[in-house]
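# Notes for the structure review
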Amino acid sequence: MGELVIDSSIQSSMIEAALLKGTTLQKLLPDTLYTKASDWFRKEAGLDMIQLNQFNPFTVMTAALAITQQKYCPNKEGEVQLDAYFQEQGKKDGKNILGLETIEVQINAIYKNITLARQVELLNEIFKSNSGLKDAIAFMNDAYVRSDLNALQQLMYGETYRPEELKPLLEDRNNNWMKQLPGLMREQSLFVAVGALHLTGNKGLINQLRSQGYNVKPVNLKN
């Protein structure tokens, strides 16, 4: 079970949600931010900003994070995204593949929860310093590898995002998932793969499961 079933049907919906309507990125961004972002994409990826002109600021921010991740903390040869990996392995083993939500629910949480004006502010935040993106990705990767959920929570709940923005993105979705998981786990054994931020904090899946009496403990994969 993943956040959603990963297949080709979700791609068109995600692309549609990422597009600007009735404007362009160049018109939307302040000149100083557009110039700063253009310089960054040209230097880090050899990409002309005009190629991103139809996408909303949140999508551009996601692209910048992905470029930084691949450049400075690249996957080893043959490595793939974990949720995609587990779903592919499940299919090979003849397992049922289930999703906790639809692509529409995820799009609403990610794209429709934050106004365009606020997206511009968030995009400006990541380009404030030359090393900001690189430092954030390095911190995130280190915390993830060490299974440091507190550090990951601080990265997300620090100064960048507001509580009212994180509630529909994380807490509300966690609560909806917890309405499904106990019943599913009573019916069958279940392997659940979700983003690490859904595990952190009092409203995270770990604490919510424990509060319902489940025994939840980490597995050391290094041994």
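Counting restarts for each chain: residues are numbered from 1 in the order of the written sequence. The predicted origin of the model limits local features to residues at a pLDDT of at least 70 and limits the giving and counting of side-chain atom pairs to 80 or more, whereas totals for whole chains, interfaces and linings rest on all residues. Values shown for side chains rest on all heavy atoms present in the structure; no hydrogens or waters enter the calculation.

### As for the overall build of the protein
Spelled out, the test is: Per the convention used, a helix needs a DSSP run of H or I reaching at least four residues, while a strand needs a run of E reaching at least two, with both numbered from the N terminus. Values of the radius of gyration come from C-alpha atoms, whereas the globule rule sets the reference at 2.2 Å times the count of residues to the power 0.38. The classification of residues rests on relative accessible area computed with a 1.4 Å probe and restricted to protein chains. Under 20% of the type maximum is buried, over 50% is exposed, and intermediate values are partly exposed. By the convention used here, residues are in contact when the closest approach between their heavy atoms is within 4.5 Å. Here the Shrake-Rupley method, with its probe set to 1.4 Å, supplies the accessible areas, and only the displayed protein chains count as covering residues.
When you go through the protein residue by residue, the secondary structure sums to twelve helices and zero strands. When the helices and strands of the protein are listed from N to C terminus, the series reads α-α-α-α-α-α-α-α-α-α-α-α. Computed over C-alpha atoms, the radius of gyration of the protein comes to 19 Å, within 12% of the 17 Å expected from 2.2 N^0.38 for 223 residues, which places it in the range of a compact globule. Principal-axis analysis of the C-alpha atoms gives the protein an extent of 55 × 40 × 35 Å. Sorting the 223 residues of the protein into buried and exposed places 33% on the buried side. The long-range fraction of contacts in the protein, counting pairs at least 24 apart against all pairs at least 6 apart in sequence, stands at 77%. Of the roughly 13800 Å² that the protein leaves accessible, carbon and sulfur atoms contribute 52%.

### Notes on a nonpolar patch on the surface
Convention followed: A residue counts toward a patch only above 30% relative accessible area and without a salt bridge, and it is joined to like-charged neighbours within 9 Å or, for Val, Leu, Ile, Met, Phe, Trp and Tyr, to nonpolar neighbours within 5 Å. The working definition used for a salt bridge is a side-chain nitrogen of Lys or Arg within 4 Å of a carboxyl oxygen of Asp or Glu.
Together, Val80, Leu82, Tyr85, Phe86, Tyr144, Val145 and Phe191 line one region of the surface with nonpolar side chains, adding up to about 680 Å² of accessible area. Looking at the nonpolar patch, the elements with two or more residues in it are α5 (82-92) and α8 (132-145). No other element matches the three residues that α5 contributes to the nonpolar patch. Secondary-structure assignment places Phe86 in helix α5.

### Thoughts on the side chain of Thr200
Mapped onto the elements, Thr200 comes out in the loop between α11 (181-187) and α12 (205-211). The exposure class of Thr200 is buried, given its relative accessible area of 7%.

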